[in-house]
Amino acid sequence: MTTNDTSPAWPDQKPTALLVLADGTVLEGFGLGAEGSAVGEVCFNTAMTGYEEILTDPSYAGQLITFTFPHIGNVGANDEDIETVNMAATPGARGAILRASITEPSNYRASRHLDAWLAARGIIGLSGIDTRALTALIREKGMPNAVIAYNKNGVFDIDALKKEAAAWPGLVGMDLVPMVTSAQRYDWDETVWQWGKGFGHQDKPEFHVVAVDYGIKRNILRLLANEGCKVTVVTAKTSAEDILAMKPDGIFLSNGPGDPAATGEYAVPVLKKIIDSGVPTFGICLGHQMLGLAVGGKTMKMHQGHHGANHPVMDLTTGKVEITSMNHGFAVDKTTLPDNVEQTHYSLFDNSNCGIALKDKPVFSVQYHPEASPGPRDSHYLFSRFAELMREHKRA
Ligand SMILES: NC(=O)CC[C@H](N)C(=O)O
C-alpha cells in the first residue's frame, strides 16, 4: 500500500481491517488508528472538510462514519479542532471508513498524522473501501449496523464479527447521553478562534446561560460566549429546580448522541418545567428533538439521516435559505406538533422539520448545527436571535 493509494484493497494485499455488516456482508480494507473492534451504526457524511471536528462530535457516539469525500487526513490533526469537551468520555465516532489511505499531513496547523491521532483517541480506521458503493447501499437500504475491526496481522474471526454486528440492538431506543455528558458542572468563557489570535475570552458577560450537556460541542459554547454569555454547563440529568435556582438569563439544550425518545425519558419532565418557567431557551439537534418531545410531539428514525455541511434549509421567519451543517439520524415528526408550536425551518432536501418555536414562550430550537465546526456560517444568526430573546426578557 503506498501513501497515495486511492484504490480499494488489492487482491495481492492482505486486508488488515474489515467492516462486517449485520446482514453478513464483509468489506475488506486497510487498518488505521487503533487496533481492535467496535460496533455501531454506519452513516455517511458528505462534508469535504472538517473530519477532525466530525470525528470528535459527541453526537456521533455509537456510529461509524463513512466519509464520501475521498481524501481524508491530508491536513493532519491538531489540538484546536477537537469538538469534544469531556475528554475522559468515549469520544464521538467509534470508527472512520475512508476511500484513500492517508497521505503525509500538509498544513501549517497540523501537529499530528491522522493515523496517530486516531490511534491516540482509540478510533478504528479503515481505508481502501469503495465508499461510493457503501453510500449507495445506505441510501438504498438505510443505515446498517456493523462491526469495524483492525488487526495488523489480518487475523479475524469473521463468524464472531458477523454475530456481533447482527446482535447489536441498534440506535433506536438507545440512550447514549450518559456516556458523553460531563461528569460535573463547569463554567465556560472561551470565544471563537481568530486568525493570528487563537481563542479569546468573554470578560464582560451580558448574560448568564445554563447549558444542559447532552454531548455538547466546543464551538457552541464559544459562539454563546461571543454573544456575551457566561455559560455554566450542567450534566444531562440536572433537575429543572437546580437549573432555575441559578437564575439564568437563558437556557441552552445541546446536541447529543442516540435516540431522543430514550433520552427524553428523563429529559422531557425537566424541559416541561423549563418551558413553563418562561426563561428564554434555545436547543440544537438532540436538544431540538427533546424540546419537540416536551411540547407533545414525536420523533422518528430517518432512513439515511442527514450528515454533511451542505444541507439547504428554509427559514420561514425570514424567507431566506441557509446552507447548514447537519448530523442527525432522527427527526421531529412535524405532523405531531401541537397548535402552540410553529415550524420555523425545514429541509429543502426532503422537507423534514428543521426548526420549531413556541408561540406563547421564548423557546426555539433547530435540528441542524448552526455552530458549524465544520461547515458554513450561515446560521450563526441563531445565536444572536437567542441573545435578543434574553435581552427582551431581561428588559421585561
Ligand atoms: N447532532 C445531534 O445532536 C444528533 C441527535 C440525534 N442523536 C440524532 O441522531 O438525530
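- For the protein chain, the name recorded in an unreviewed UniProt entry is Carbamoyl phosphate synthase small chain, with Afipia carboxidovorans as its organism.
- Looking at the Subunit (unreviewed entry) heading of the UniProt record, one finds this comment for the protein chain: "Composed of two chains; the small (or glutamine) chain promotes the hydrolysis of glutamine to ammonia, which is used by the large (or ammonia) chain to synthesize carbamoyl phosphate. Tetramer of heterodimers (alpha,beta)4."
- Listed in UniProt under the heading Sequence similarities (unreviewed entry), the comment for the protein chain reads: "Belongs to the CarA family."

**Quick word on unusual backbone geometry**
Next up, step 1: A cis amide bond links Ser-373 with the next residue in sequence, Pro-374, at an omega value of 5 degrees.
Next up, step 2: Along the chain, the position of Pro-374 falls in the loop between strand E17 (363-366) and helix H10 (381-395).
Next up, step 3: Even without being a glycine, Lys-247 presents a positive backbone phi close to 50 degrees.
Next up, step 4: Positionally, Lys-247 belongs in the loop between helix H7 (240-245) and strand E11 (250-253).
Next up, step 5: Despite not being glycine, Ala-372 has its phi angle at roughly 55 degrees, a positive value.
Next up, step 6: Take Ala-372: it is sitting in the loop between E17 and H10.
Next up, step 7: Taking the number of C-beta atoms within 10 Å as the measure of exposure, Ala-372 has 23 and is therefore buried.

**Details of the nonpolar core**
Next up, step 1: Grouped together as the largest cluster of nonpolar side chains are 111 residues, with contacts concentrated most on Leu-19, Ile-65, Ile-97, Leu-126, Ala-146 and Leu-224.
Next up, step 2: In this structure, this core is formed jointly by two domains, domain 1 (17-167) and domain 2 (177-395), each of which donates at least three residues.
Next up, step 3: Once you skip the residues sitting within four places of it in the chain, Ala-146 turns out to touch Leu-19, Val-20, Leu-21, Ala-22, Val-42, Leu-64 and Ala-165.

**Focus on the sheet that holds strand E3 (residues 36-45)**
Paired through backbone hydrogen bonds, the strands of a sheet run either parallel or antiparallel to each other.
Next up, step 1: Pairing is mixed in the closed barrel, where seven strands are placed in the order E1-E2-E6-E5-E4-E3-E7. On average, each strand axis in the sheet is inclined to that of its neighbour by 35 degrees, with strand direction left out of account.
Next up, step 2: Lying over the sheet, helix H3 (residues 131-141) contacts strand E2 (26-33), E3, strand E4 (63-67) and strand E5 (95-97), oriented at roughly 125 degrees with respect to E4.

**Regarding the domain arrangement of the protein chain**
Next up, step 1: Domain boundaries assigned for the protein chain yield domain 1 (17-167) and domain 2 (177-395).
Next up, step 2: The C-alpha-based centres of domain 1 and domain 2 are spaced at 27 Å.
Next up, step 3: Each side of the interface is counted separately: domain 1 has 25 residues, and domain 2 has 27 residues.
Next up, step 4: Going through the elements one at a time, E3, helix H1 (51-55) and H3 are the ones with two or more residues in the side of domain 1 that touches domain 2.
Next up, step 5: Counting residues per element, the side of domain 1 that touches domain 2 draws most heavily on E3, at three residues.

**Side note on the UniProt feature "active site" (unreviewed entry) in the protein chain**
Next up, step 1: Mapped onto this numbering, the UniProt entry annotates "active site" (unreviewed entry) at Cys-285, His-369 and Glu-371. A maximum C-alpha distance of 11.1 Å places the annotated residues, which cover 87 residues in sequence, within one compact spot.
Next up, step 2: By the element assignment, His-369 lies in the loop between E17 and H10.
Next up, step 3: Counting through the fold element by element, Glu-371 comes out in the loop between E17 and H10.
Next up, step 4: Among residues more than four places away in sequence, those in contact with Glu-371 are Lys-217, Asn-219, Ile-220 and Leu-223.

**Some points on the site of the ligand**
Next up, step 1: Around the ligand sit Ser-59, Asn-255, Gly-256, Pro-257, Gly-258, Pro-260, Cys-285, Leu-286, Asn-327, His-328, Gly-329 and Phe-330, and that is every residue in its neighbourhood.
Next up, step 2: Examining the composition of the shell around the ligand, we find that four residues originate from one element, strand E14 (residues 320-333), more than from any other.

**Thoughts on the packing of helix H8 (residues 260-277) against helix H9 (residues 286-294)**
Next up, step 1: Contact pair H8 / H9: the axes reach a minimum separation of 8 Å and the direction vectors enclose 70 degrees. As judged from the angle between their axes, H8 and H9 are roughly perpendicular. Handedness of the crossing formed by H8 with H9: right-handed. Across the interface between the two elements, Pro-260, Ala-261, Thr-263, Gly-264, Ala-267, Val-268, Leu-271, Lys-272 and Ile-275 from H8 touch Leu-286, Gln-289, Met-290, Leu-291, Leu-293 and Ala-294 from H9.
Next up, step 2: Residue composition of the contact of H8 with H9, grouped by class: eleven nonpolar, three polar and one charged.

**Overview of the confidence of the model for the protein chain**
Next up, step 1: Scored by pLDDT, the protein chain comes out at a mean of 95, with 96% of its residues at no less than 70.
Next up, step 2: Here residues 1-8 scores under 50 on pLDDT; set against residues more than four positions off or in separate chains, the count is 17 contacts.

Calculation notes
- Residues numbered from 1 in each chain as written.
- Predicted model: local features only at pLDDT ≥ 70, side-chain atom pairs only at ≥ 80, totals over all residues.
- UniProt positions renumbered as here; feature names shortened; annotations may be inferred.
- Helix = DSSP H or I, 4+ residues; strand = E, 2+ residues; numbered from the N terminus.
- Buried ≥ 20, exposed ≤ 12 C-beta atoms within 10 Å, placed from the backbone.
- Core = buried A, V, L, I, M, F, W, Y, C linked by C-beta atoms within 7 Å.
- Domains from an automatic or database assignment.
- Contact = placed C-beta atoms within 7 Å.
- Pairing = 2+ DSSP bridges.
- Axes fitted to C-alpha atoms, helices over the stretch in contact; angles between N-to-C directions.
- Near = placed C-beta within 6 Å.
- Parallel < 35°, antiparallel > 145°, perpendicular 65-115°, else oblique.
- Left-handed = near helix turned anticlockwise from the far one by under 90°.
- Nonpolar A, V, L, I, M, F, W, Y, C, P; charged D, E, K, R; others polar.
- pLDDT = per-residue confidence, 0-100.

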